[in-house]
Amino acid sequence: MNILVCIKRVPATGGRITLTPDGRDIDTRYLGFTVSPHEECAVEEAVRIVEAKGGSSTVLTLGPEVASEQLRDAMAIGIERAVLLETDGSDWDPLATAGAIVDAIQALEAEGGTFDLLLFGNEAADTGDFQVGIRVATALGRPCVTGIKAIEVADGQVVARREAAGGWEVFELPLPAVLAVKEGLNLPRYPSVPGRLRAKKKEIVRMTPQARPGGPRKERLRLPEGDESTVEVIGEGAAAAPAVVELLTRLGVIGR
Amino acid sequence: MILGLVEHADGRPERLSLEMLSLASRLGAAASEPVHAVLLGTGAREAAGQLTGRGIPVAHVVEDERLAAFAPVAWAATIAQLMSANAPAVVQAAGSDRGNEVMAHLAARTDLPLAANVTDVTLGEPLRLTRQRWAGSLLEDAVLDAPTKLLTVAPHAFAIEEPASGGSAPSVESFAPTLTDDDLRVAVARRLEPDRAGISLTDARVVVGGGRGVGSPEAFSELEELAALLGAAVGVSRVVTSSGWRPHSQQIGQTGLRIAPDLYIACGISGAIQHIVGAKAAKRILAINTDPDAPIMSVADYAVIGDLHQVVPAISAEIRRVTGR
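For every chain, the first residue of its written sequence is number 1, and the numbers climb from 1 along that sequence. As they are written, the chains are lettered A onward and the ligands numbered 1 onward, keeping that order. With pLDDT at 70 or above as the cut-off, local features in this predicted model cover only qualifying residues; side-chain atom pairs require 80 or more to be listed or tallied, and sums for whole chains, interfaces and linings still use all residues.

A. Main features of the sheet that holds strand β17 (residues 302–305) of chain B. Here a strand pair is declared whenever DSSP counts at least two bridges between the two strands. The way it works is that DSSP assigns letters per residue, a run of H or I at least four long becomes a helix, a run of E at least two long becomes a strand, and they are numbered from the N terminus. Across the sheet, six strands lie side by side as β14(A)-β17(B)-β16(B)-β15(B)-β13(B)-β14(B); this open sheet has parallel pairing. Each edge of the open sheet carries a strand with a single partner, namely β14 (232–236) of chain A together with β14 (233–236) of chain B. Each strand of the sheet is rotated relative to its neighbour by a mean of 20°, with strand direction disregarded. Against the sheet, helix α5 (residues 220–230) of chain B contacts β13 (206–210), β14 and β15 (263–267) of chain B, and its axis sits at roughly 175° relative to β13 of chain B. With respect to the sheet, helix α8 (residues 308–323) of chain B is in contact with β15, β16 (284–289) and β17 of chain B, its orientation differing from that of β16 of chain B by roughly 125°. Note on definitions: angles span 0 to 180 degrees between N-to-C directions of axes, and those axes are lines fitted to C-alpha atoms, for helices only across the stretch in contact. Once C-beta atoms are placed from the backbone, any two residues with those atoms within 7 Å are in contact.

Structure below.
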């Protein structure tokens with residue numbers, strides 16, 4: 001099994017988001033960087049499949065030079081090699097991103113053979129476009145399913161499951177295939193110190209992607225209004241219980 | 001014309017699709033364009049009959065036995081053929097799992113841009129829109145320049161409009177798509193039903209949420225007791241699932257579920273933005289937390305300051321006392 005995982009470097013926004021003065025980007029001066037939890041699970045799954053079945057694992061990102069930090073994080077938990085499609089760090093729209101990834105996959109496959117499985121996060125944490133994996137799959141003529149939370153590979157096919165209406169939908173796809181996965185697929189491991197040291201020494205393959213933008217075109221970012229509320233403290237500790245029950249009754253939650 | 005993909009289950013349109021139609025009818029009125037619906041799969045005709053009074057003159061119904069099981073590429077191929085036949089200005093779906101998936105396939109096969117999870121749209125050339133980033137923690141104003149505009153509509157961004165009384169039913173038109181083996185290659189092979197029936201988090205009127213403050217898998221019994229008394233569903237924050245205390249299927253937030261209950265009772269949840277975006281469509285939020293300055297307080301309507309291990313059992317006991325249960 002040869003597996004390629006695509007990831008995206010994003011700021012780690014735990015608290016309030018602050019924008020740059022021109023409103024075009026997040027002010028990342030005081031933020032660390034990470035990848036989406038969906039993509040952490042994609043990386044972990046690739047490592048697990050190759051551990052179980054043999055083969056090779058590759059991680060790829062489109063982003064600025066500093067995104068090599070996220071590629072090394074993936075190599076620290078066991079991904080073998082990394083590819084950076086180096087940009088100036090500006091936003092690439094989903095058509096441009098997918099086009100550049102397709103170009104890179106075709107170049108990598110011309111040298112090293114077909115990737116049996118391409119793994120994407122279901123949507124990027126920041127832009128949330130929900131389409132790059134599907135566009136890549138369509139361009140390459142490979143079957144694709146999104147929202148995947150369980151993967152089994154056997155006998156030239158992949159059985160993939162996703163949650164739907166409280167139960168599961170099961171898909172059986174011939175390989176090579178493309179899956180966009182969600183957090184919950186597995187519990188990703190933490191990198192070991194030797195893993196980090198090994199990853200630090202590894203070469204990263206660098207390619208220069210060609211941008212073919214297609215939209216939508218970002219004009220500016222802004223924070224949503226009206227999310228903030230005024231909180232009414234109705235009590236402290238267990239003594240608040242009667243006031244809470246009175247509130248629940250008033251809201252029609254009990255006594256219906 | 002504005003074409004809206006209406007998802008349905010058990011012969012009824014899905015809630016997020018009705019929200020999507022609220023935007024569609026607004027755009028239709030602004031541009032003097034009719035709104036058409038398209039419904040695919042088993043129960044499509046029945047669900048189309050439920051669209052009476054929503055200002056939809058035509059519902060295109062696709063009843064093809066090959067689409068009995070959900071097949072995202074075949075759905076996209078069908079909508080692409082309806083697009084060729086009707087030349088809609090806008091094609092849109094709900095920003096649901098299926099809506100986003102089918103529209104991305106449609107966008108990929110027609111080589112058109114797609115704006116996912118829009119919260120506002122102004123028609124024109126180019127079309128101007130606002131869409132969600134970071135699952136709604138941040139908004140993006142963008143332009144979409146394309147011969148046909150493809151959109152998905154952010155969950156809970158638009159209220160469902162009441163159907164006009166005495167409004168007419170859509171005229172149901174059967175549409176028979178041409179589907180290839182490639183279109184049908186990806187389809188649901190089988191369904192696994194839930195282990196036990198319970199109140200679904202996305203439909204629940206009341207949700208009891210637990211976070212880091214719950215402290216252990218065992219302590220969730222306190223939240224479950226309260227939930228049972230309220231007919232509520234139990235949800236959790238990300239730290240709870242990444243600690244392995246509860247299954248990921250109960251996670252509320254950016255990488256989990258979006259809920260929209262009448263009341264969300266957030267217990268021991270500090271309120272990272274990734275969690276809050278999953279819960280902010282709740283009409284009311286009651287936070288139970290030891291920290292009066294926790295971020296959850298900035299979105300909560302009501303708060304009890306205290307240890308949930310004391311507060312939650314006391315609320316359950318009081319409900320039992322008052323209701324005699």
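Now, onward.
B. Representation of the interface of chain B and chain A in the model. In this assembly, 74 residues from chain B lie in contact with 68 residues from chain A. Mapped by element, the contributors of at least two residues to the side of chain B that touches chain A are α4 (97–110), β7 (114–122), β8 (127–133), β9 (138–144), β12 (188–192), α6 (238–242), β17 and α8 of chain B. Ranked by residue count, the leading element in the side of chain B that touches chain A is α8 of chain B, at nine residues. Classification used: nonpolar for Ala, Val, Leu, Ile, Met, Phe, Trp, Tyr, Cys and Pro, charged for Asp, Glu, Lys and Arg, polar for all others including Gly. The residue makeup of the side of chain B that touches chain A, split by class, is 41 nonpolar, 17 polar and 16 charged.

C. Representation of the domain arrangement of chain B within the structure. All names here are of chain B. Each assigned domain of chain B is listed with its residue range as follows: domain 1 (2–174) and domain 2 (206–323). Where each domain starts and ends comes from a domain assignment, either automatic or drawn from a database. The gap between the C-alpha centroids of domain 1 and domain 2 is 33 Å. With six residues of domain 1 in contact, the opposing surface of domain 2 contributes six residues. Of the residues contributing to the side of domain 1 that touches domain 2, the split by class is three nonpolar, three polar and no charged.

D. Here's a closer look at the pairing of β15 of chain B. Residues and elements named next belong to chain B. Counting buried positions over the five residues of β15 gives five, a clear majority of the element. Remark: C-beta atoms are placed from the backbone, and a residue is labelled buried if 20 or more other C-beta atoms sit within 10 Å of its own, exposed if 12 or fewer do, or partly exposed between those counts. Where burial is concerned, the two faces of β15 agree: the one with Leu263, Ile265 and Cys267 and the one with Tyr264 and Ala266 are both buried. Sheet topology places β13 next to β15; five bridges connect them, and they run parallel. Opposite valine 206, over in β15, you have leucine 263 as the bridge partner. Pairing analysis gives five bridges linking β15 to β16, with the strands arranged parallel. Looking at β16, one finds that alanine 266 is bridged to alanine 287. Viewed with both strands pointing away, a crossover whose connecting path from the first strand over the helix to the second turns clockwise is right-handed. Between the parallel elements β15 and β16, the chain passes through helix α7 (residues 273–279) in a crossover that is right-handed.

E. Summary view of α4 of chain B. Residues and elements named next belong to chain B. By definition here, a helix of n residues has an expected span of 1.5 Å times n minus one. A rise of 1.5 Å per residue sets the reference length of α4, with its 14 residues, at 20 Å; its end C-alpha atoms lie 20 Å apart and thus fit the reference within 8%. Counting buried residues in α4 gives 11 out of 14 residues, a clear majority hidden from the surface. For α4, the complete set of buried residues consists of Arg98, Gly99, Asn100, Glu101, Val102, Met103, Ala104, His105, Leu106, Ala107 and Ala108. Phi for aspartate 111, located one or two positions after α4, is positive at around 60°.

F. Inspection of the packing of helix α3 (residues 94–112) of chain A against helix α4 (residues 132–140) of chain A at higher detail. All names here are of chain A. In the contact formed by α3 and α4, the axes pass within 9 Å of each other and the chain directions differ by 45°. It follows from the interaxial angle that α3 and α4 lie oblique. As for how α3 packs across α4, the hand of that crossing is right-handed. Here Pro94, Leu95, Thr97, Ala98, Ile101, Val102 and Ile105 of α3 come into contact with α4, specifically with Val132, Arg135, Val136, Ala139 and Leu140. Of the residues contributing to the contact of α3 with α4, the split by class is 10 nonpolar, one polar and one charged. Each angle gets one of four labels, with under 35 degrees taken as roughly parallel, over 145 as roughly antiparallel, 65 to 115 as roughly perpendicular, and the rest as oblique. Should the near helix be turned counterclockwise from the far one by less than a right angle, the crossing is left-handed, whereas a clockwise turn marks it as right-handed.

G. A look at the environment of leucine 123 of chain B. All names here are of chain B. Inspection of the secondary structure puts leucine 123 in the loop between β7 and β8. C-alpha separation for the pair leucine 123 and alanine 266, spaced 143 residues apart in sequence, amounts to 39 Å. Among all residues touching leucine 123, those that are not within four sequence positions of it are Leu27, Ala30 and Ala31.

H. A look at the nonpolar core. Counting 186 residues, the largest nonpolar core has Val5, Val59, Leu119 and Leu179 of chain A together with Leu39 and Cys267 of chain B as its most contacted members. With eight residues, α3 of chain A is the largest single contributor of residues to this core. Each of two domains, domain 1 (2–174) and domain 2 (206–323) of chain B, supplies a minimum of three residues to this core. When near neighbours in sequence (up to four residues on either side) are disregarded, leucine 119 of chain A contacts Ile3, Val5, Ala42, Glu45, Ala46, Leu179 and Val181 of chain A. We define a nonpolar core as a collection of buried residues of the types Ala, Val, Leu, Ile, Met, Phe, Trp, Tyr and Cys that are connected via C-beta atoms lying within 7 Å of each other.

I. Broad picture of the sheet that holds strand β8 (residues 150–154) of chain A. Strand order across the open sheet formed by four strands is β8(A)-β9(A)-β10(A)-β12(B), with antiparallel pairing between neighbours. Since the sheet does not close on itself, it has two edges, and those belong to β8 of chain A together with β12 of chain B, each with one partner. Strand-to-strand, the axes of this sheet are offset by a mean angle of 20°, without reference to chain direction. Examined bridge by bridge, strand β10 (residues 167–174) of chain A and β12 of chain B share four bridges and lie antiparallel to one another. Among the inter-strand pairings, glutamate 169 of chain A is bridged to a residue of β12 of chain B, identified as arginine 191 of chain B.

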